[in-house]
Amino acid sequence: MKQLKDPDFFCEFIDRYRDMRNLWEVKNPLYRNKPARKASLEKLLEFVKTRVPNADIEFVDKKMYSLVNTHRKKLQKVHKSMRSGAAAEDVYVPSLWYYNKMRFLEDQIEARESCLTLPAPLQSTLPSTSAEPSEDQPGPSILEEIEEPRWSQEDLSQDEALAGASVSQEEV
């Protein structure tokens, strides 16, 4: 597969992929249209066959997935280094040579909202996971320090005395 390692060919492949928005743009009306996607993949396949004569649609699909996945991982590293509070000069800069060519995907790679699969009545009984106290559930937020009970020596000696009394009653 050395034919695909040629940077000029690879850049042309990425450009053609970018032009076929129905393969990567989730909000494109043809994104979920299987015949349209297959037609686009076949166009890419024709281009790839100029270098890899025995390539098939599965090969092209895997190559696209590999490109997107690699770019996504590098993008996650960039975002992670930014969130860590690193100084501007310490933010991760990808060394992947085609990273900038794949930047058109960045608005497509977003964390999805989690969805609960519980019925609505059960969802309302779940505890809040937010850091702020909700109106429904009064009490301290996660960020507030909860005061722990403090035990005095007198409290401890009373507990020990009660524990000893229960043991001596059981022995009798």
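Residues numbered from 1 in each chain as written. Predicted model: local features only at pLDDT ≥ 70, side-chain atom pairs only at ≥ 80, totals over all residues. Heavy atoms only, no water.

## As for the environment of tyrosine 98
By the element assignment, tyrosine 98 lies in the loop between helix H3 (57–83) and helix H4 (120–123). Through-space distance from the C-alpha of tyrosine 98 to that of phenylalanine 10 is 8.7 Å; in sequence the pair is 88 residues apart. (Helix = DSSP H or I, 4+ residues; strand = E, 2+ residues; numbered from the N terminus.)

## Details of the packing of helix H2 (residues 34–49) against H3
The contact between H2 and H3 brings their axes to 9 Å, and the two run at 95°. Put simply, H2 runs roughly perpendicular to H3. Contacts between H2 and H3 involve Lys38, Leu41, Glu42, Leu44, Leu45 and Val48 from the former and Ile57, Phe59, Val60, Asp61 and Met64 from the latter. (Axes fitted to C-alpha atoms, helices over the stretch in contact; angles between N-to-C directions. Parallel < 35°, antiparallel > 145°, perpendicular 65-115°, else oblique. Contact = heavy atoms within 4.5 Å.)

## Considering the nonpolar core
Counting residues in each nonpolar core, the largest one holds 27 residues, and the members touching the most others are Phe13, Tyr17, Leu44, Val60 and Met64. Listing elements by their share of this core, those giving two or more residues are helix H1 (7–19), H2 and H3. In terms of residue count, the dominant contributor to this core is H3 (six residues). Excluding residues within four positions of it along the chain, valine 60 makes contact with Phe13, Leu41, Leu44, Leu45 and Val48. (Core = buried A, V, L, I, M, F, W, Y, C linked by side-chain atoms within 4.5 Å. Buried < 20%, exposed > 50% of the residue type's maximum accessible area, 1.4 Å probe, protein only.)

## Considering the pattern of salt bridges
It is possible for side chains bearing opposite charge to pair when their charged atoms get close. Evaluation of the coordinates by the stated rule reveals seven salt bridges. A salt bridge links arginine 51 to aspartate 6; the nearest nitrogen and oxygen atoms lie 3.1 Å apart. Residue arginine 51 is found in the loop between H2 and H3, and its partner aspartate 6 is found in the segment before H1; the two are separated by 45 residues along the sequence. Through salt bridges with shared partners, a single network forms among Asp15, Arg18 and Lys101. (Salt bridge = Lys/Arg side-chain N within 4 Å of Asp/Glu carboxyl O.)

## Description of the confidence of the model for the protein chain
The share of residues in the protein chain with pLDDT of 70 or more is 60%, and the mean pLDDT across the chain is 74. Ranking the elements of the protein chain by mean pLDDT puts helix H5 (residues 153–171) last with 53 and H2 first with 94. Low pLDDT, under 50, characterises residues 129–134; the predicted model gives this stretch nine contacts beyond four residues in sequence or across chains. (pLDDT = per-residue confidence, 0-100.)

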